[in-house]
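# Inside the fold
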Amino acid sequence: MIALILYYIGVALCFIGAIFFILGGIGLIRMPDVYNRMQASTKTTTMGLMSIILGVGLMEPYWIIKAIVIIIFIALTAPVGASAMARAAYKSGIPLWEGTVLNECDAPSCKKEGDKQ
Amino acid sequence: MPSNSGASSYAFVAVISFITWIALIFSPGMSMVAFEQEVFVGLLVALTVAALTYKYLPNASVKYFSPKRLGYLTVYVFVFIWEMIKANVNMAIIVTSPKLPLKPGIVKIKTDLKDNFAKLLLGNSITLTPGTMTMEVSDDTLYIHWVKICDDIKEAGDIIKGAFEKWLKGVFS
């Protein structure tokens, strides 16, 4: 009985994860520039992936501990990748969207390549 | 905090490696003999890995295993999960609303955290919380891309860092 309930919770989590993936894809198409796209895609895919892996862990209780370890690794690494890509985009001079309100980025390490002289 | 001894960071890395090994290997209902063998090999691997890597992690220390710090870490994890769910609902609303309500910008905020790993965790948390993404960290300043910027920039730091900084301070002080 408990196994069956866990199974259905797992199915529900996989479904939620899939919905977040779809939303991430829509965000990727609709957002106006690289940085906003990065926001839409990293948040939703990280959450979707965690949700799906946890769902699989609940459907097959033998894997639950491994699933949790994988979730921890994803939580530690996915945002680092996103930050690195955003920083690389900024450094290589990809412009911000024209609706951008404020730009306070003045660190020596995030100067654009062309600005050096 | 470079005043640590090497032994302390060696012990920290070894314990973390060993816990990770056990978590990846353990499955309910495995035989006792198999489990003992795995624990033995796990000990060897953890000690070897720690011997090879402890000198690259000078800030690691066994003091992080104290119950008070682990308590703070637990609270931090729950705060983080809650914030992450909020972030995703928020992002879903922005993405599906017909007139993209965007007002993006890059803001600069200060943090009081000193430890590098604490700053990494703060940056990660900010990336996964509503509408914000860490772009660059230098010393005590974080540069953050924000999808929907607030009206008063002076409050930006408090809104973005939210409760994270308080709990991380507890873990890493």
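The structure displayed is predicted, hence computed values, not measured ones.

To continue, consider the overall build of chain A. Secondary structure summary: chain A contains three helices and one strand in total. When the helices and strands of chain A are placed in sequence order, the string is α-α-α-β. Restricting the contact set of chain A to residue pairs at least 6 apart, pairs at least 24 apart contribute 56%.

Secondary structure summary: chain B contains six helices and three strands in total. The helix and strand sequence of chain B, counted from the amino end, reads α-α-α-β-α-β-β-α-α. Its C-alpha atoms give chain B a radius of gyration of 20 Å, more than 25% over the compact-globule value 16 Å for 173 residues. Along the three orthogonal principal directions, the C-alpha set of chain B runs to about 60 × 40 × 25 Å. A fraction of 77% describes how many contacts in chain B between residues 6 or more apart in sequence connect residues 24 or more apart.

A few words on the domain arrangement of chain B. Partitioning chain B into domains gives domain 1 (6–63) and domain 2 (66–172). Computed over C-alpha atoms, the centres of domain 1 of chain B and domain 2 of chain B are 31 Å apart.

Take the interface of chain B and chain A next. Contacts between the two partners involve 36 residues from chain B and, on the opposite side, 39 residues from chain A. Where the side of chain B that touches chain A is concerned, the elements lending two or more residues are α1 (6–25), α3 (67–96), β1 (105–110), α4 (116–127), β2 (132–138) and β3 (141–146) of chain B. Residue contributions to the side of chain B that touches chain A peak at seven residues, all from α3(B). Taken together, the residues that form the side of chain B that touches chain A break down as 20 nonpolar, 13 polar and three charged.

Before going further, it helps to spend a moment on α4(B). End to end, α4(B) covers 17 Å across 12 residues, agreeing with the expected 16 Å (1.5 Å per residue, within 8%). Regarding α4(B), the residues found buried are B:Ala118, B:Leu121, B:Leu122, B:Gly123, B:Asn124, B:Ser125, B:Ile126 and B:Thr127.

For any two helices packed against each other, the geometry is given by the interaxial angle and the distance between the axes. Between helix α3 (residues 64–91) of chain A and α4(B), the shortest axis-to-axis distance is 9 Å and the interhelical angle comes to 80°. By the angle between their directions, the pair α3(A) and α4(B) is classed as roughly perpendicular. Facing α3(A), whose interface residues are A:Leu76, A:Pro79, A:Val80, A:Ala82 and A:Ser83, α4(B) presents B:Gly123, B:Asn124 and B:Thr127.

Working note: α-helix, 3.6 residues per turn, so residues spaced by three or four point in the same direction. The first and last C-alpha atoms of helix α2 (residues 32–53) of chain B sit 31 Å apart over 22 residues, in line with the 32 Å expected at 1.5 Å per residue. Burial runs low along α2(B): only two of the 22 residues are buried.

Moving on, we come to the confidence of the model for chain B. All names here are of chain B. Model confidence for chain B is summarised by a mean pLDDT of 81, while 95% of its residues fall at 70 or above. Per-residue pLDDT, averaged within each element of chain B, yields its smallest value for helix α5 (residues 156–161) (72) and its largest for α2 (88). In the predicted assembly, ipTM is 0.79 and pTM is 0.80.

What counts, and where the lines are drawn
- Residues numbered from 1 in each chain as written.
- Chains lettered and ligands numbered in written order.
- Predicted model: local features only at pLDDT ≥ 70, side-chain atom pairs only at ≥ 80, totals over all residues.
- Helix = DSSP H or I, 4+ residues; strand = E, 2+ residues; numbered from the N terminus.
- Contact = placed C-beta atoms within 7 Å.
- Rg over C-alpha atoms; globule rule 2.2 N^0.38 Å.
- Domains from an automatic or database assignment.
- Nonpolar A, V, L, I, M, F, W, Y, C, P; charged D, E, K, R; others polar.
- Expected span 1.5 Å × (residues − 1).
- Buried ≥ 20, exposed ≤ 12 C-beta atoms within 10 Å, placed from the backbone.
- Axes fitted to C-alpha atoms, helices over the stretch in contact; angles between N-to-C directions.
- Parallel < 35°, antiparallel > 145°, perpendicular 65-115°, else oblique.
- pLDDT = per-residue confidence, 0-100.

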